[in-house]
Amino acid sequence: MFFITYLRRELRRRMRQAIFIGLGLALGIGLVVTVTAASAGVKKAQSDVLKSLYGVGTDVTVTGKAPRLALPGAAPAKGGGGQTFQIGPGGAQLCSNGKCHNAAGQTVDHLNSTSYGPISQAEVAAVARLKDVKAAAGGLALSDTSVTIPKNFGQRGGPVPTPNQFTVQGVDTSHLSLGPLSSGTVTSGRSLTSADANSNVAVLDSGYARSHKLKAGSTVKIVGHSFTVVGIVTQPQTGTPPQVYIPLARAQAIGRAAGNKRLKNEVNTIYVTARSAADIPTVQAEIKHLLPKDTVTTAASLASEVTGSLSSTAKLANVLGRWLSILVLIAAFAVASLLTMAAVARRVREFGTLKALGWRSSRIVAQVMGESLTVGILGGAAGVGLGFAGAAIITAVAPKLSATIASSAGQGFTAVAGGPGRVFSPTSTHSVAVPMSASVTAAAIVAAVVLAVVGGLLAGSFGSWRIARLRPADALARVA
Amino acid sequence: MYQLTDVTKLYAKGRHTVPAVRNLTLQIEDGQWLAVQGRTGHGKSTLLNLLGGLDRPTSGTIEFDGKNLGQLREDQVTRLRAKSIGFIFQTFNLVPTLSAAENVEAALIPLRVGAAERHRRVAAALDSVALGDRSRHLPGEMSGGQQQRVAIARALVKEPTVLLADEPTGNLDEDTRDEIIGLLEKLWRERGLTLVLVTHDSAIAQRAQRVGVMSKGQLSLRDDARQPADSMPD
């Protein structure tokens, strides 16, 4: 075919220029692909972080309004019968229902929900009945905190008690596809089942099990109750997922809300699945209307609360990366256009001759566009290669990113002393280490092809515009 | 074939308008060989461009086979050029990246001739200029005379009725000049072409049927024109 022969020969003649243009486009497109891959990697990391917090299939999370932390020296809630820990002239004292006794050498153990307020199961049912809600399940995010009071605590130079803490998640065994346990993979034993609703059985996070040398069949103590470990799960992220999962009914029975109130028929989190992704905003609005005091969070709103290097990297990829790519692309397109115009200028006599032979302008334009498009597509292919290389380099050398989400799990422990109070709130934020993995997506490759075609067409169109305006007599006169 | 009536072509040069051709009236018969002489810048090439439809007159009419070139659309003039008018240039104007055969083939592309027929006609055209064995050579691999013969093959491969040659021997040595003019004369005679040849060379002009001299945009025809039979060899 004459078109191909002519195109091939012309590109071979302008090999160096074609390579230069192609490399320029490859650089720009490669940068776009790399940035897109990095951005996709960051998004996936964010998604994994959110998934580990939310659980697979959860679109909306509702948390009860956070109760006010007890102030130092404040009395326990009426009827709560809670314990307070005080340091006075007589040393450390543990007080309950107005009666105090020496705390030295004693262990205080609490399973509390202090960051999230209670939500009744009737409200969970009401949420489940909403029009655009597919499923809703309640959960209890609790924290087991135990402190052994040293004998000489409170005396000058005496030791400070170190709290021992782990997180406990009450799981609705009739809705196991929702909530944090749903995103875990069972690596040993089994998960919870509906038959476990009232049993003292537990599933452990693999990290917790490893650090405490526990396995399926072991026993764990939660505020004095023994639970048999039936399985070990691994969560997709190496962050801080709940460490112990127990049936919701058991968590309600042994856990306490703020002020040491019982949690019978109460949860502090509702995990909701919308009928479709498009319904999520509607579901969010419906729940806000139904439970105005509680906090309704979607994946999108939670993502905006993520801070740390993951958030910084996302901003870097989205803002700096995008603009850098655009600038390089503009430069590459401009250089390609200028070089193509220069090449056309050098071929004026050739095009004038072809016009004299009876070639229509459109035919000559097609020839030049074909040449530019070929260079663009070859540049695009090289750009995709560079993009893959860039993504591989990022994956290989990028350090783990940290994601920090404020007050997501809602556990806390308050210690009150006679003097200035001290508040232990060890898990008021979640920090998750996320591996940065840049992967080139099909969309990025499609974008690269589109950019290559656009770059080629843009470069060719400037030259073509000149050819279309070229009068054959003028073209021939220039060399006559 | 051609009827030019009161043709004027003006060019803008800065603030001034320069007449390249002035009030030219000329008739060129089918199969006639007209040689145009004249000093550089006196309108010879402009006349050739007007005859080839590469440029349009500022005023006056140019009729080609009864069609007014000035009133045809650009695509119609392009089609006419593709089909009926062959060009030969002083600098050969071959596409440097294409072989001799491909350069000749380029003239058949606008006519949408099938590939097999194209190749047959290209081979025949190169044979007619005695370059059948150089079909794969690039222009840079050939002498000036050979390049001009490729250009002649390119002009004639589409079997035009008119051949417009702008100083075809201007870049050639004397022997090659004679060879090329001999070839053109032979083809003109064999094919009954209408040949308009611009030349500075009086020896070449003397071989034409009619000779005109362009001076300041005006053409003066000499009356010593030969008939085609005059130039036939004995």
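Small disclaimer: the values here were computed from a predicted structure and weren't measured. (Residues numbered from 1 in each chain as written. Chains lettered and ligands numbered in written order. Predicted model: local features only at pLDDT ≥ 70, side-chain atom pairs only at ≥ 80, totals over all residues. Heavy atoms only, no water.)

Caption draft 1: Focus on the pattern of salt bridges. Residues and elements named next belong to chain B. Tallied over the full model, the rule gives 24 salt bridges over all chains. When the shortest N-O distance is used, the salt bridge between R189 and E185 registers 3.9 Å. Placement of both R189 and E185 in helix α6 (residues 174-191) is noted, with a separation of 4 residues, approximately one turn of the helix. For R189, a relative accessible area of 27% translates into the label partly exposed. For E185, a relative accessible area of 5% gives the class buried. (Salt bridge = Lys/Arg side-chain N within 4 Å of Asp/Glu carboxyl O. Helix = DSSP H or I, 4+ residues; strand = E, 2+ residues; numbered from the N terminus. Buried < 20%, exposed > 50% of the residue type's maximum accessible area, 1.4 Å probe, protein only.)

Caption draft 2: Fine view of the sheet that holds strand β1 (residues 2-13) of chain B. All names here are of chain B. In space, the 4 strands of this open sheet follow the order β2-β1-β4-β5, with antiparallel pairing throughout. In this open sheet, the two strands that pair with only one neighbour each are β2 (16-28) and β5 (67-68). Where β1 and β2 come together, 9 bridges link them in antiparallel fashion. Paired with V7 across the two strands is L24, which belongs to β2. The sheet contacts of helix α1 (residues 44-51) involve β1, β2 and β4 (59-64), and relative to β1 the element is tilted by about 120°. (Pairing = 2+ DSSP bridges. Contact = heavy atoms within 4.5 Å. Axes fitted to C-alpha atoms, helices over the stretch in contact; angles between N-to-C directions.)

Caption draft 3: Structural detail: helix α1 (residues 2-13) of chain A. Between the first and last C-alpha of α1 of chain A there are 16 Å, a value that for 12 residues agrees with the 16 Å anticipated at 1.5 Å per step. Buried within α1 of chain A we find F2, T5, Y6, L7, R9, E10 and L11 of chain A. (Expected span 1.5 Å × (residues − 1).)

Caption draft 4: Expanded view of the interface of chain A and chain B. With 21 residues of chain A in contact, the opposing surface of chain B contributes 27 residues. Contact between chain A and chain B buries roughly 2,200 Å² in total, counting both sides, with carbon and sulfur atoms accounting for 62%. A salt bridge links D55 of chain B to R471 of chain A; the nearest nitrogen and oxygen atoms lie 2.4 Å apart. Every element with two or more residues in the side of chain A that touches chain B is listed here: α1, α9 (348-356) and α12 (472-477) of chain A. Its residues assigned to classes, the side of chain A that touches chain B shows 9 nonpolar, 3 polar and 9 charged. (Buried area = accessible area lost by both parts, 1.4 Å probe. Nonpolar A, V, L, I, M, F, W, Y, C, P; charged D, E, K, R; others polar.)

Caption draft 5: Spatial organisation of the sheet that holds strand β6 (residues 85-88) of chain B. Residues and elements named next belong to chain B. Read across the sheet, 6 strands follow the order β6-β7-β8-β3-β9-β10 without closing on themselves; strand pairing throughout is mixed. A strand with exactly one partner marks an edge of an open sheet, and here the two such strands are β6 and β10 (218-221). When the angles between neighbouring strand axes are averaged without regard to direction, this sheet yields 20°. Sheet topology places strand β3 (residues 33-38) next to strand β9 (residues 210-215); 5 bridges connect them, and they run parallel. When the bridges of β9 are listed, L34 appears paired with R210. Running over the sheet, helix α2 (residues 74-84) touches β6 and β7 (162-166) and is turned about 75° from β6. Running at roughly 170° to β6, helix α5 (residues 144-156) makes contact with β6 and β7 of the sheet.

Caption draft 6: α6 of chain B, seen in detail. Residues and elements named next belong to chain B. Taking 1.5 Å per residue, 18 residues should reach 26 Å; α6 reaches 25 Å between its end C-alpha atoms and fits that length. For α6, the full list of buried residues reads T176, R177, I180, I181, L183, L184, E185, L187 and W188. Between a side-chain oxygen at the N-terminus of α6 and the backbone nitrogen of D175 the separation is 3.1 Å; the capping residue is D173. Two residues or fewer after α6 comes G192, characterised by a positive phi angle close to 65°. (Polar contact = N/O pair within 3.5 Å; in protein donor to acceptor, adjacent residues only side chain to side chain.)

Caption draft 7: Molecular detail of a nonpolar patch on the surface. Residue and element names in this part refer to chain A. Where nonpolar side chains cluster on the molecular surface, the patch consists of V319, W323, I326 and I330 and spans about 390 Å² of accessible area. You can see I326 is positioned in helix α8 (residues 309-346). For I326, a relative accessible area of 32% puts it in the partly exposed group. (Patch = residues over 30% accessible without salt bridge, like charges linked within 9 Å, V, L, I, M, F, W, Y side chains within 5 Å. Areas by Shrake-Rupley, 256 points an atom, 1.4 Å probe, with all protein chains shown as cover.)

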